[in-house]
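Fold and geometry: a report
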Amino acid sequence: MKLHLLNRASSEDSSFSVAYNRYPNFLKIWHHHPELELVLIKKSTGTRFIGDSIEKFAEGEVILIGEHLPHMWLNDEIYFDSDSDLMAEALGIHFRRDFLGSQFFDKPEMQLISKLIEKARQGIKFIDVDPKLIRSIEDLIKVEGFEKTMQFLDVLFLLGKHKNYRLLASAGYVNTFNQAEGKNLDEIYAYIFKNFKNPIHSKDVAAVAHMNASAFSRFFKRVHRKTFTKYLNEIRVGYACKLLMEQKNNVSLVCYESGFNNISNFNRQFKAIMHMSPTEYIRLHAH
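Described in the following lines is the structure provided in the data block. These figures come from a predicted structure and were not determined experimentally.

This brings us to the packing of helix α8 (residues 228-245) against helix α10 (residues 263-274). Viewed as axis vectors pointing N to C, α8 and α10 meet at an angle of 90°, and their least axial separation amounts to 10 Å. Relative to α10, the element α8 lies roughly perpendicular. On α10, the residues that touch N233, E234, V237, A240, C241 and L244 of α8 are F266, Q269, F270, I273 and M274. Here the residues of the contact of α8 with α10 are counted per class, giving eight nonpolar, two polar and one charged.

All right, on to helix α1 (residues 111-119) then. For α1, the full list of buried residues reads I113, L116 and I117. Axial view of α1: buried residues confined to an arc of 100°, hence all on one face.

For the coordinates displayed, the defined rule picks out 19 aromatic pairs. Note on F220 and F228: the rings are 5.5 Å apart at their centroids and 85° apart in plane angle, and the pair reads as edge-to-face. Both residues of the pair, F220 and F228, count as buried. Judged by centre distance (5.3 Å) and plane angle (55°), the rings of F260 and F266 are tilted. On the accessibility criterion, F266 (0% relative accessible area) is buried. Put simply, the rings of F16, F95, F99, F104, F105 and F152 touch in pairs and so form one group of aromatic residues. One Lys or Arg, K148, reaches over the ring of F16 and ends 5.0 Å from the middle of that ring.

What follows concerns unusual backbone geometry. The residue S44 is not glycine, and still its phi comes out positive at about 150°. One non-glycine residue with positive phi stands out, namely H68, at about 60°. Looking at where H68 falls in the secondary structure, it is placed in the loop between β7 (62-65) and β8 (71-75). Residue classification places H68 among the partly exposed residues on the basis of a relative accessible area of 26%.

Now for the state of the cysteines. One way to say it: the disulfide is the covalent bond shared by the sulfur atoms of two cysteines. Using the criterion set out here, one finds zero disulfides in the structure. Free of any disulfide, C241 has its nearest cysteine sulfur in C255, 13 Å distant.

Further remarks concern the sheet that holds strand β11 (residues 165-167). In space, the six strands of this open sheet follow the order β2-β9-β4-β7-β10-β11, with antiparallel pairing throughout. The sheet is open, and its two borders are formed by β2 (16-23) and β11, each paired with just one other strand. Across the sheet, the mean angle separating the axes of adjacent strands is 20° when strand polarity is ignored. Of the strand pairs in this sheet, β2 and strand β9 (residues 88-95) are connected by eight bridges, and their pairing is antiparallel. Its bridge partner lying in β9, A19 is registered against G92. The sheet strands contacting α1 are β4 (36-43), β7, β10 (124-126) and β11, and the helix crosses β10 at an angle near 120°. In the packing of helix α2 (residues 131-139) onto the sheet, the strands contacted are β4, β7 and β9, and the crossing angle to β4 comes to about 105°.

The rules we used
Residues numbered from 1 in each chain as written. Predicted model: local features only at pLDDT ≥ 70, side-chain atom pairs only at ≥ 80, totals over all residues. Heavy atoms only, no water. Axes fitted to C-alpha atoms, helices over the stretch in contact; angles between N-to-C directions. Helix = DSSP H or I, 4+ residues; strand = E, 2+ residues; numbered from the N terminus. Parallel < 35°, antiparallel > 145°, perpendicular 65-115°, else oblique. Contact = heavy atoms within 4.5 Å. Nonpolar A, V, L, I, M, F, W, Y, C, P; charged D, E, K, R; others polar. Buried < 20%, exposed > 50% of the residue type's maximum accessible area, 1.4 Å probe, protein only. Arc of directions from axis to C-beta. Phe/Tyr/Trp six-rings, centres within 6.5 Å; stacked < 30°, edge-to-face > 60°. Lys NZ or Arg CZ within 6 Å of the ring centre and 35° of its normal. Disulfide = S-S within 2.5 Å. Pairing = 2+ DSSP bridges.

Take a look at the structure:
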């Protein structure tokens, strides 16, 4: 997946943008932008990519994405069928950290929001969001001017207070994405995300990064505090979890679709990362 820089700048008459998007499918582009993005999924299912996080998404989820954090919502295959009448609907809010001034969120009264913005560097999934807060997010499309700004601040404040959340991208991914080595990292991540379902080795990724194999291994371990093989297994297991949550209960099939080449290794890696077997994971998520 090639990473694209998109323009999400607000219009001249507003310091942040609120848009309700309704299309046959979401934008199928791995992208980033300098604005933070608050997303409320209204209708749609598929796979969410945020940094090095790969998870299934569904209606009703609320996500906050930090500045320049690469992301993509990829709809399930049925959304791309020529005879599909499904629609993907979401409300998206784009705003700059300094949309109310460079030091606005440095004030003591704004500490909850300031901490929220900092955590958003890894992407945040909010869990069990109060329906009243969901309605407040939805209602931002209906108001303008001062009322819109105050209501949005209230939304950010309440999200900052929300205790039930999960960070998505790994700290290692975020802390290295914009460093001087960022171009190499960008190419590395793009190659991994494109090819993790296939047999790939560290030497293949080293070639993409224009390094020899030993230099790449040292570089990758320094950046991620783990080996390339462990990182790749975590990506594959994350994708396997997505498939298992979709009720694809054939563990053998999921094993090979996720890029593992034998069942015993798949079961071993899955248990090491998820602390349970694939069969136990299926039972836990069965409806």
